[in-house]
Amino acid sequence: MNKTIEAMLEKYNVTPETRAFLEAGHQKIFIDGQFVDSEGGQTLNIEDPSNGEHLLTVPRATVADLDKAVAAANRAFRSGPWVDMKPNERQALLFRMADVMEEHAQTLAELEAIDAGKAISGCQEVDIAGSIDFLRYMAGWTTKLQGNTRNVSCPGEAFGFTLKEPIGVVGAIVPWNWPLNMAMWKMCAPLVVGCTIVLKPAEITPMSMIYLMKIWQEAGLPDGVVNIVIGTGVEIGSPLAGHPGIDKVSFTGSTPVGKLVGKAAMDNLNPATLELGGKSAMVAFDDAKLDDIVTGTLQSVFFNSGQTCSAGSRLYVQRGLYEQAVQAVAKAANEMVTGDPLDPSITQGPQISQAQLDKILNYIESGKAEGARLVYGGQQEDRPGYYVQATVFADCTNDMKIVREEIFGPVLAVIPFDTEEEAVRLANDSDYGLTASIFTQNVSRAHRLLKKMEAGTVFVNTHDAMDSSLPFGGYKQSGIGRDLGPEQLDHFLQVKTVIMQL
């Protein structure tokens, strides 16, 4: 461990488990209940985005490793303790798995903050506590899955009914911006219904998933039920999506990659759930409360360093409130506190990598060149790591790149409008349809407009307010299917029809 990382761990008094995990210098992939190195012997370097320093190495999995993981998941699905568990026994196991996560919550938060550059205060509340809550919520459905009986009209005396059965082995691919949280979104529903899983975390943010397997194994997770393979999208992601031993694909990531994943799954006639990109609109009317608008930006486009697919990165404000709103969100951007991810007082960490930082800076230059008014920010911070100022552009138009394309950074574009009809037209003028929000004190207007917004989730007087019980997914280029809520369970179940002649 280098001196920079050592000093950081000492400064923020991390847990002994966090220190031991990093001091090991190398962590392994998880296949069939065993922590193993890659068959090819190659490794990937994991760095700290807050300073660019080396953290540890992990195996660079090969297709041979993937084949082993898929074989293990198939064995666990067809025979052994996982198959033999009664619904209440599986539920009890899932509750134990949630309990050990709660016991290790600080360590999970520290590893996630270090690995992904997340401000730890938000990480504790959203990433870790949110994941535990979701697992407990979903675990409650384990004993409530059911088919139906039917009155059939076929000749003779007959009885008909349906069974809900697990679809099989799930191939899950998760992004780098929410490593643990998105993995939980992908794993909980399949585990509830009795599926097994092969999961590929993003190769640059695998630490929390490795640690999670250590504590889940201690909680009693049977071998082969969850398998973790780490590698690049080309080397592992594509083969996983198109693997003949996979029965269902669940992916969160960019729209271009999601289309490739969906095509690979379809080659095997496997269903795919795709939660993809977004360029979400926030629409604020003259009667909106400025505090609500500011809070909406803080918990979306300025949260997680703007690396959020559902971020409200397009803010449409009615002209009577427009300049006040511009100044209010600019003030909020100015008050963002950057620093070490482990510092509980900060509100913004670094971007994930130099490449992502460069991409954001290029978008900022594009905004300037296309005539948007830079109200605040727009600069890389003068410090080690991949930091950029929270940025606000005003007087934008829908034909600008910063309005049309997903930036995946803390950059807000503000656009004026005059009428309801114009607001709806501008908000829906996007290839994406993940989320949208309406800010108004007029309840009738809110109900009118929420039906017209082309988005999978519509918030009123808030943005990015998630709940485990409510489904999440997009319209248009933002994906297919839903995560969260009981609706997610159906994506991992098959319906079997039974007709019995009496």
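Residues numbered from 1 in each chain as written. Predicted model: local features only at pLDDT ≥ 70, side-chain atom pairs only at ≥ 80, totals over all residues. Heavy atoms only, no water.

A. Quick look at the overall build of the protein. When its secondary structure is counted, the protein shows 17 helices and 22 strands. In terms of overall size, the protein behaves like a compact globule, its C-alpha atoms giving a radius of gyration of 23 Å where 502 residues would be expected to give roughly 23 Å. Considering only C-alpha atoms, the protein reaches an extent of 70 × 65 × 40 Å along its principal axes. Considering the protein as a whole, with its 502 residues, one finds that 58% of them fall into the buried category. At a minimum sequence separation of 6, the contacts of the protein that also span at least 24 residues come to 73%. As displayed, the protein has an accessible area near 19500 Å², and 51% of this comes from carbon and sulfur atoms. (Helix = DSSP H or I, 4+ residues; strand = E, 2+ residues; numbered from the N terminus. Rg over C-alpha atoms; globule rule 2.2 N^0.38 Å. Buried < 20%, exposed > 50% of the residue type's maximum accessible area, 1.4 Å probe, protein only. Contact = heavy atoms within 4.5 Å. Areas by Shrake-Rupley, 256 points an atom, 1.4 Å probe, with all protein chains shown as cover.)

B. Up close: the sheet that holds strand β22 (residues 493-501). Strand order in this open sheet of 3 strands is β5-β6-β22, and the pairing throughout is antiparallel. Strand pairing shows two members of the sheet lacking a second neighbour, β5 (149-150) and β22, which therefore form its edges. Taken together, the 2 bridges between β5 and strand β6 (residues 158-166) define a ladder with antiparallel strand orientation. Opposite Arg150, over in β6, you have Gly160 as the bridge partner. (Pairing = 2+ DSSP bridges.)

C. Spotlight on the nonpolar core. Ranked by internal contacts, the top residues of the largest apolar core, which has 100 residues, are Met101, Met187, Leu191, Leu212 and Trp216. Here this core gets 11 residues from one element, more than from any other, and that element is helix α8 (residues 179-193). Met101 has contacts with Leu108, Ser131, Ile132, Leu135, Leu180, Met184, Leu212, Ile215 and Trp216, leaving out every residue within four places of it along the chain. Counting 31 residues, the second largest nonpolar core, distinct from the first, contains Val283, Tyr363, Ile364 and Ile438. (Core = buried A, V, L, I, M, F, W, Y, C linked by side-chain atoms within 4.5 Å.)

D. Spotlight on unusual backbone geometry. Non-glycine residue Asp32 carries a positive phi angle of around 55°. Despite not being glycine, Phe408 shows a phi value in the positive range, around 65°. Along the chain, the position of Phe408 falls in the loop between α15 (401-404) and β16 (411-417). Under the relative-accessibility criterion, Phe408 is labelled buried at 15%.

E. Representation of the environment of Gly253. Position of Gly253 among the secondary structure elements: in the loop between β10 (248-252) and α11 (255-267). In this structure, the C-alpha to C-alpha distance between Gly253 and Ala109, residues 144 residues apart in sequence, is 22 Å. Sequence-distant contacts of Gly253, defined by excluding residues within four places in its chain, comprise Glu275, Leu276 and Gly277.

F. Fine view of helix α5 (residues 87-103). End to end, α5 covers 25 Å across 17 residues, agreeing with the expected 24 Å (1.5 Å per residue, within 8%). Turning to α5, the residues buried within the fold contact α4 (81-84), α6 (105-116), α7 (120-139), α8 and α9 (207-219). (Expected span 1.5 Å × (residues − 1).)

G. Region of the structure containing a nonpolar patch on the surface. Residues Phe159, Met500 and Leu502 make up a contiguous nonpolar surface patch of about 310 Å² in total accessible area. The class for Met500 is partly exposed, based on a relative accessible area of 39%. (Patch = residues over 30% accessible without salt bridge, like charges linked within 9 Å, V, L, I, M, F, W, Y side chains within 5 Å. Salt bridge = Lys/Arg side-chain N within 4 Å of Asp/Glu carboxyl O.)

H. Highlighting the packing of aromatic side chains. What the rule picks out here adds up to 7 aromatic pairs. An angle of 40° between the planes, with centres 5.5 Å apart, marks the rings of Phe159 and Phe161 as tilted. Judged by its relative accessible area of 35%, Phe159 falls in the partly exposed class. Ring geometry for Trp185 versus Phe472: centroids 5.4 Å apart, planes at 65°, classification edge-to-face. With Trp185 in helix α8 and Phe472 in the loop between β19 (457-460) and β20 (475-476), this pair connects stretches of sequence that are 287 residues apart. Note on Trp185: relative accessible area 9%, which makes it buried. Above the face of the Trp178 ring, Lys118 is positioned so that its terminal group lies 3.8 Å from the ring centre. (Phe/Tyr/Trp six-rings, centres within 6.5 Å; stacked < 30°, edge-to-face > 60°. Lys NZ or Arg CZ within 6 Å of the ring centre and 35° of its normal.)

I. The arrangement of the pattern of salt bridges in detail. Under the counting rule described, the total for this entry stands at 25 salt bridges. In this structure, Lys118 engages Asp127 in a salt bridge whose closest nitrogen and oxygen atoms are separated by 2.9 Å. Neither Lys118 nor Asp127 differs from the other in exposure class; each is buried. Salt bridges here are not isolated pairs; linked through shared partners, they connect Glu6, Glu10, Arg19 and Glu23.

J. Up close: the layout of surface pockets. Computed from the structure, the second largest pocket encloses a volume of approximately 280 Å³. If you list the elements that add at least two residues to the lining of the second largest pocket, you get α4, α5 and β6. Here the element with the most residues in the lining of the second largest pocket is β6; it accounts for 4 residues. Its residues placed into classes, the lining of the second largest pocket shows 10 nonpolar, 4 polar and 3 charged. (1 Å grid on protein atoms, 1.4 Å probe; cavity = no way out; pocket = protein on both sides within 12 Å on 5 of 7 lines; lining within 4 Å. Points joined across faces, edges and corners; volume = space filled by probe spheres on them. Nonpolar A, V, L, I, M, F, W, Y, C, P; charged D, E, K, R; others polar.)

By themselves, these observations are geometric and do not establish any function.
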